[in-house]
Structures are given as structure tokens and as C-alpha cells.
Amino acid sequence: MKRLIVNADDFGLHSGVNHGIIEGYRQGCLRSTSFMAGGSAAEEAAVLARENPGLGVGIHLTLVAERPVLSPDKIPSLIGADGRLWPNHMIFIKKFLAGKIVLSEVSAECEAQILRAKALGLSLSHIDSHQHLHVLPQIIAVVLSLARKYGLRKMRLPGEDYFFTGGYAAPFSRHLAKAGLTFCARWARPKIQAAGILTPTHFFGMLAGGHMLPAHFLAILQALPEGTSEIMVHPGQDDKVLDAIYHWHYHWREELTAITSPAVLLYIKEHHIELISYKELTDEQIL
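Presented here is a report on the structure given in the accompanying data block. No experiment lies behind these values; they were computed from the predicted model shown.

Some details on the pairing of strand E1 (residues 2-11)
Across a regular strand the side chains alternate sides, sitting on one face of the sheet and then on the other. Burial runs high along E1: nine of the ten residues are buried. Pairing geometry for E1 and strand E7 (residues 274-275), over two bridges, is parallel. The residue of E7 that forms the bridge with Leu 4 is Leu 275. Bridge count for E1 against strand E2 (residues 32-35) is three bridges, and the pairing is parallel. Within E2, the residue paired with Asn 7 across the bridge is Ser 32. Read from E1 through helix H1 (residues 15-27) to E2, the crossover connection turns out right-handed.

Below, the structure is given as C-alpha cells:
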């Protein structure tokens, strides 16, 4: 049996992302999303989530690139000169390896994000993180502690197979980054399992993240193994508006097209792939 969680990241980042996610849910194969509590459109996302109760909503713990939920003076090791979180994962990792990231501040900011999501009325289905920092050594211990505290028993494990491409021609640097992430995810897996946290068995979307064109999405579906898999996507409604703010070179609209494509939906139906969210993930569905 093949079960599939199609999960959209960055719910709450921007209104164009929010409405792309809702369109992907209502008209496509999207069943799950991850909420960014410090995003500029977080309140709107919470309203949309309540209007679409079938959409599973997890917490997208954010330690880079966005605004913190806590006051910057409470988490100085996480904050740049502009008063925002460090710009990207590479800066964070360099500071982390140099011992300049204070874990108690990581815990405080992550907990504040969980609490803000709950205050906005969200019932959280799972945990993941912006740029996948939750699987770093030591950070995973912080996140697992918070998961236990708040009863969150499901988590993304972003370990895409080392050699899987899905037809996406990525530069070597991206292959290298994926390999590093997969190594960390596989290292973290036994710790996650020991904590009683469930994860999908398979993960896709790292290499083509932000560039998940319909052909790439369909290629992943065609390679989908037995068991439960997650495909990570980043849909949005207006590339020009989003690109003017976020210089990630994402194909927001084409990712939305991929998850609403008639060819994709027909393939899922004809091959009896069960679409679920993290809410429906159980021990029996993992194997």
C-alpha cells in the first residue's frame, strides 16, 4: 500500500503562499502544511486553517531568515544586526559549529512559536523546520523535548535518498547539501524513534525543493515506494510578488500547478495512492 503526505512549507510566510496552499488543498493533492508562526501572514494562515479543517497543519520551526516570535534581546545568539534571525542555514550552521548558538535560546524561540500557533487556534499535527535545522545534532534533542512537552508525536524526517534525482538536474552544490541533510536525518532517526515520534518512511522534495515542476512531481510519484512517503512542496500564487521579497528563485506558481495537475491527480487515482496528512499517520502506516 502506498500512502502519501503532500506537505506545503511556509504557511503564514505571505498571503500569496497562504492562498496557494489553500488552492492546492481544495483543488489538488495537498493534504498537509507547515505553519510559520513568525511569518508576516501568520494570522491570515490561522484563519484559513480554521476554514479548511481537513487540512493538517504542523509547526514549521523557524530559526533563520524570518522574524523571531520572541523579542530579539531574549535570544541574542540567534539574531543578526537587523534584529531578524540569521539569514540562512549556512550562517546558522557555521555559528552553531563555532559554539555561538545558545541552545536554551533555540528552545525558547521554538517553544514561543509553538505557543503562538496554539494561541491562534491551531491544533498541530506535526513538527518540521525551515531549512530542516531540526535534525542537526543537539538541535534535535531540543525539538524532541518540546515535542514531548506539547504532545506532538509526528515529525518530518528529511532524508531523501542520496542518489534520487527525480529527473531534476541540480548543481553539484545542491547534491552536496542534500547529502549532508540526509546524513543528519538518518543520524537523527533512532533518536526520534526512541522518543516515540512517528515519521513517514520516505521523503522526497529536497533536491527539487522550490523547483518542483509538474514533470518532477510526476517522476516522484512514479518512483514512489511502498509504505508512507512525504513530498515537500512550496506552492504560491504570484511569482513576481513573492520573488520581489524572497530571493530564493522558487517556482511558486509551477509548484502549485504540479499539485493541481490533472495528470498528477489521475496518476494518484489510477495507482490507488492514498492521500493522507500527518494527522492520519499511525504506526501501522509507516511500514
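Here we look at the nonpolar core
In terms of nonpolar packing, the biggest core is built from 91 residues, with Phe 35, Phe 92 and Phe 217 touching the most fellow members. With seven residues, the single largest contributor to this core is helix H5 (residues 139-149). Each residue touching Phe 92, except ones within four places of it in the same chain, is listed here: Leu 63, Val 64, Leu 78, Trp 86, Ile 101, Leu 133, Leu 136 and Ile 139.

A few points about unusual backbone geometry
Not every positive phi belongs to a glycine, and Ala 65 is a case in point at roughly 75°. Mapped onto the elements of the fold, Ala 65 is located in the loop between strand E3 (56-61) and helix H3 (89-97).

Remarks on the pairing of strand E6 (residues 227-233)
Of all seven residues that make up E6, seven are buried, and the element is covered over most of its length. Looking at chain direction, E1 and E6 are connected through seven bridges and run parallel. Across the sheet, Lys 2 pairs through a bridge with Gly 227, a residue of E6. Relative to E6, strand E5 (residues 202-204) is paired through three bridges, and the arrangement is parallel. Each bridged residue has a counterpart across the sheet, and for Phe 204 the counterpart in E6 is Ile 231. Between the parallel pair E5 and E6, the chain is carried across by helix H7 (residues 214-222), and the sense of this crossover is right-handed.

Quick notes on the state of the cysteines
One pass over the structure, following the stated rule, counts zero disulfides. Of all cysteine sulfurs, the one in Cys 184 lies closest to Cys 110, which takes part in no disulfide; the gap is 16 Å. Looking at Cys 184, the relative accessible area reads 17%, which means it is buried.

A few points about helix H6 (residues 172-194)
Taking 1.5 Å of rise per residue, 23 residues should cover 33 Å, and H6 covers 34 Å from first to last C-alpha, within 8% of that figure. If you check which residues of H6 are buried, you get Lys 178, Leu 181, Thr 182, Cys 184, Ala 185, Ala 188 and Ile 192. At its buried positions, H6 is contacted by H5. Of the residues flanking the end of H6, it is Gly 196, one or two places downstream, whose phi is positive at about 80°.

Notes on the pattern of salt bridges
Applying the stated criterion across every chain, the model contains ten salt bridges. When the shortest N-O distance is used, the salt bridge between Lys 149 and Glu 111 registers 2.6 Å. Linking Lys 149 in helix H5 with Glu 111 in helix H4 (residues 103-119), this pair joins segments that are 38 residues apart in sequence. The residue Glu 160 makes a salt bridge to Lys 178 at a minimum N-O spacing of 3.7 Å. In this pair, Glu 160 sits in the loop between H5 and H6 while Lys 178 sits in helix H6, placing the two residues 18 residues apart along the sequence. A relative accessible area of 1% places Lys 178 in the buried class.

What counts and how
- Residues numbered from 1 in each chain as written.
- Predicted model: local features only at pLDDT ≥ 70, side-chain atom pairs only at ≥ 80, totals over all residues.
- Heavy atoms only, no water.
- Buried < 20%, exposed > 50% of the residue type's maximum accessible area, 1.4 Å probe, protein only.
- Helix = DSSP H or I, 4+ residues; strand = E, 2+ residues; numbered from the N terminus.
- Pairing = 2+ DSSP bridges.
- Right-handed = clockwise from strand over helix to strand, strands pointing away.
- Core = buried A, V, L, I, M, F, W, Y, C linked by side-chain atoms within 4.5 Å.
- Contact = heavy atoms within 4.5 Å.
- Disulfide = S-S within 2.5 Å.
- Expected span 1.5 Å × (residues − 1).
- Salt bridge = Lys/Arg side-chain N within 4 Å of Asp/Glu carboxyl O.

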